[in-house]
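# Geometric and topological summary
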Amino acid sequence: MVLKAFFPTCCASADSGLLVGRWVPEQNSAVVLAVVHFPFIPIQVKELLAQVQQASGVGVAVLGTWCHRRQEPEESLGHFLEGLGAIFSHEPWLQLCRERGSKFWSCKATHRQVPTSPSAPGEDQVMLIFYDQRKVLLSQLHPPTALPDHQAGDATASTRGLAAVFDTVARSEALFRSDRFDEGLVRLSHWQSEGVEASILVELAKQASGPVCLLMAYLLSLISAASTCRVFKLWPLSFICSKLSTCEQLRHRLEQLTFIFSTQKAENASQLMRKANTLVSVLLDVALGLTLLSWLHGKDRIGQLADALVPVADWVAEELQHLLQWLMGAPAGLKMNRALDQVLGRFFLYHIHLWISYIHLMSPFIERILWHMGLSACLGLTVALSILSDIIALLTFHIYCFYVYGARLYCLKICGLSSLWRLFRGKKWNVLRQRVDSCSYDLDQLFIGTLLFTILVFLLPTTALYYLVFTLLRLLVVTVQGLIHLLVDLINSLPLYALGLRLCRPYRLSAGVKFQVLEHEAGRPLRLLMQINPLPYNRVVHTYRLPSCGCHPKHSWGSLCRKLFFGELIYPWRQRGDKQD
């Protein structure tokens, strides 16, 4: 039977002693965690292992002996190490030895109990697997992606065995807190035996994080209580807040800050990674917002934007007037209904006149409004982009009104034509049963239906042309707003901390391991080197993607074309659960 022994590379040059680790019977594996050096008292070693087991919950025990033959006088040390098996009884008992002055190793796993069957060997074959203890301790093993059925069983078994190794090293952190500078009675060799990694800044940050989190959590709770006041739930305010992207982004930012400064400790590594990703995302967002704020307030750029905003609005209104005058004539040589064309054209021209008057009425206050809106960039670039989206929606409100008028009129005619078409076929729509039933009509009903059908058919091209033009303008505005919201969602949901770990320390996010053969000779144990495979970037984004506002539903191309063909309104800001008109 083959026994797998995972041995840390940091202990390869350690002095002789005892192998301390965990035995995994399901995988027939031994995970070596440290080497206990001479001199030691067995009862003190057992007390140390009991303390580590109580602190970590890992069944740490003495697995065997380690002999590093560096000099000639150490030849007799092997016989002494073999006798330690009577004090620290473990089945099987490992005996690892590194030959003097060579790269060869000898590995044995002996059973002191009498085999149950005569054919059972007294020793097991040992496969020695070296691993980097620090990388395995800091790494987080991720489950593999979906595999075919014929590979799923093998992948699950191998992943379970690797997870046991990673989990053993991660939970045994209490064993690695001692180094050679400690005055303890038991000396250990592990990845931190030359000195425990620590930082004064990190320790100060840990001490200061508690009071800061308590203070910020209290302030955020006050803000949350103020935002849930009954005044904001009244109809005008609640309706406006549900339609503005800025309110949605501010609500999402409040949730992010509440999660970051929560006093509850992270339950697992995934929640800790999510909190770190959220913190880095907010810090980057605020840094970009402060950069934008400094750019806006430098060289009087806000005044330049305010001076350019009114001429741009006048230019857009003038182009719309030219477009309506073109539609009121003979656009592209099409024969339009003259009366309906004049009524619709003058109706829309009057709306443009009202819009120009509104812009010029607000022009003295535009610079001050932009100045106050620019200050909101200190809350983050996403807040500034949300305000920009709302400004675009307000500046193009007349285009939205034109689109709604044209869509309603076009939808009314399409519904009338479909209803009259069913009248010609002797059908009607049953509202109660939601189906088309047969129906008999008299001569007067058929005559009136024919007249109405003829009128709607001849008026449809004029209405459809106005609907087509204003729908294209509306889709242009929706596309610009969609790009802005896409950038906001990208900043909110991108796991920047996880991507930084993948770039700087790939071993922190592990997708599995690979083995490199170090020695494979007859009569010698097979020696392998376990190396960590980093998680691909696409899986990092997919695994650690942060939740975003999610208030902008994504229509499929089929549903979008169907809505446009039947004249249904498109509300890109409505949530998925809202009722569509």
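Treat the numbers as computed from the prediction; the structure is a model and nothing was measured. (Residues numbered from 1 in each chain as written. Predicted model: local features only at pLDDT ≥ 70, side-chain atom pairs only at ≥ 80, totals over all residues. Heavy atoms only, no water.)

### Brief notes about the overall build of the protein chain
The condition is simple: Secondary structure is summarised from DSSP: a helix means a run of H or I of at least four residues, a strand means a run of E of at least two, and numbering begins at the N terminus for each. Relative accessibility decides the category of a residue: with a 1.4 Å probe and only protein chains considered, values under 20% of the type maximum give buried, values over 50% give exposed, and everything between is partly exposed. By definition in these notes, contact holds between two residues if any of their heavy atoms fall within 4.5 Å. A 1.4 Å probe and the Shrake-Rupley method give the accessible areas. Residues count as covered only by the protein chains that appear here.
On a plain count of helices and strands, the protein chain comes out with 17 helices and 13 strands. The buried share among the 581 residues of the protein chain stands at 39%. Contacts in the protein chain between residues at least 24 apart in sequence constitute 71% of all its contacts with a sequence separation of at least 6. Carbon and sulfur atoms make up 64% of the accessible area of the protein chain, which totals about 33,400 Å².

### Points about the side chain of T462
For T462, the location among the structural elements is in helix α14 (residues 443-493). Those residues in contact with T462 that sit more than four places away from it in its chain are M336, N337, L340 and D341.

### Remarks on the packing of aromatic side chains
Applied cut-off: Each Phe, Tyr or Trp ring, with Trp reduced to its six-membered ring, pairs with another whose centre is within 6.5 Å; inter-plane angles below 30 degrees give stacked pairs, above 60 give edge-to-face pairs, and intermediate values give tilted ones.
Summed over all chains, the structure comprises 15 aromatic pairs. Here the aromatic rings of F7 and F130 are separated by 6.0 Å at their centres, their planes lie at 90°, and the arrangement is edge-to-face. Pair noted here: F7 is in strand β1 (residues 2-8) and F130 is in strand β7 (residues 123-131), with a separation of 123 residues, a long-range link. Each member of the pair F7 and F130 is classed as buried.

### Quick notes on the UniProt feature "transmembrane region" (unreviewed entry) in the protein chain
Selection criterion: UniProt positions are given in the numbering used here, feature names are shortened, and annotations may be inferred rather than shown by experiment.
Per the UniProt entry, the sites bearing "transmembrane region" (unreviewed entry) are residues 343-361, 373-396, 402-424, 445-469 and 475-499 in this numbering. Counting secondary structure, residues 343-361 comes out at 100% helix and 0% strand; the distance between its end C-alpha atoms is 27 Å. With 100% helix and 0% strand, residues 402-424 has its two end C-alpha atoms placed 33 Å apart.

### Some words on the packing of helix α12 (residues 381-395) against α14
What counts, and what does not: What counts as an axis is a line fitted to C-alpha atoms, over the stretch in contact for a helix, and the angles between N-to-C directions run from 0 to 180 degrees. For this classification, under 35 degrees means roughly parallel, over 145 means roughly antiparallel, 65 to 115 means roughly perpendicular, and everything else is oblique. Definitions for this section: a left-handed crossing has its near helix turned counterclockwise from the far helix by less than a right angle. A right-handed crossing has that turn clockwise. Charged residues are taken to be Asp, Glu, Lys and Arg, nonpolar residues to be Ala, Val, Leu, Ile, Met, Phe, Trp, Tyr, Cys and Pro, and polar residues to be all remaining types, Gly included.
At their nearest, the axes of α12 and α14 sit 10 Å apart, and the two run at 165° to each other. What the angle tells us is that α12 and α14 run roughly antiparallel. Considering how the two elements wind past one another, α12 and α14 form a crossing that is left-handed. Counted together, L381, T382, L385, S386, L388, S389, I392 and A393 of α12 and V477, V480, Q481, I484, H485, L487, V488, I491 and N492 of α14 form the full contact between these two elements. Residues that form the contact of α12 with α14 fall into these classes: 11 nonpolar, six polar and no charged.

### What to know about helix α8 (residues 269-296)
To keep it simple, the criterion reads: A helix is expected to span 1.5 Å for every residue after the first. Any pair of N or O atoms that falls within 3.5 Å is considered a polar contact. Within protein, one atom must be able to donate a hydrogen and the other to accept it, and sequence-neighbouring residues count only if both atoms are side-chain atoms.
Between its terminal C-alpha atoms α8 stretches 40 Å, which fits the 40 Å expected from 28 residues at 1.5 Å a residue. Buried within α8 we find M273, K275, A276, N277, T278, S281, V282, D285, G289, L293 and L296. Structurally, the start of α8 carries an N-cap: the backbone nitrogen of S270 is 3.4 Å from a side-chain oxygen of N268.

### Structural notes on the environment of N28
Structurally, N28 is set in the loop between β2 (17-24) and β3 (29-37). For the pair formed by N28 and K4, sequence separation is 24 residues and the distance between their alpha carbons is 6.6 Å. Setting aside chain neighbours within four positions, we find N28 in contact with M1, V2, L3, K4 and W23.

### Focus: helix α5 (residues 200-227)
As a reminder, the rule being used: The term bend refers to the angle at a residue between two fitted axes, each drawn through seven residues, those ending there and those starting there.
For α5, spanning 28 residues, the distance from its first C-alpha to its last is 40 Å, which sits close to the expected 40 Å at 1.5 Å a residue. The largest bend in α5 is about 35°, located at S209, with the proline P211 one to four residues further on.

### A short note on the pattern of salt bridges
Spelled out, the test is: Counted as salt bridges are all cases of a side-chain nitrogen of Lys or Arg within 4 Å of a carboxyl oxygen of Asp or Glu.
Summed over the entire model, instances satisfying the criterion amount to seven salt bridges. The closest approach of N and O atoms between D167 and R171, which form a salt bridge, is 2.9 Å. Here the residue D167 and the residue R171 both occupy positions in helix α4 (residues 149-171), the gap between them amounting to four residues, near one helical turn. Residue classification places D167 among the partly exposed residues on the basis of a relative accessible area of 31%.

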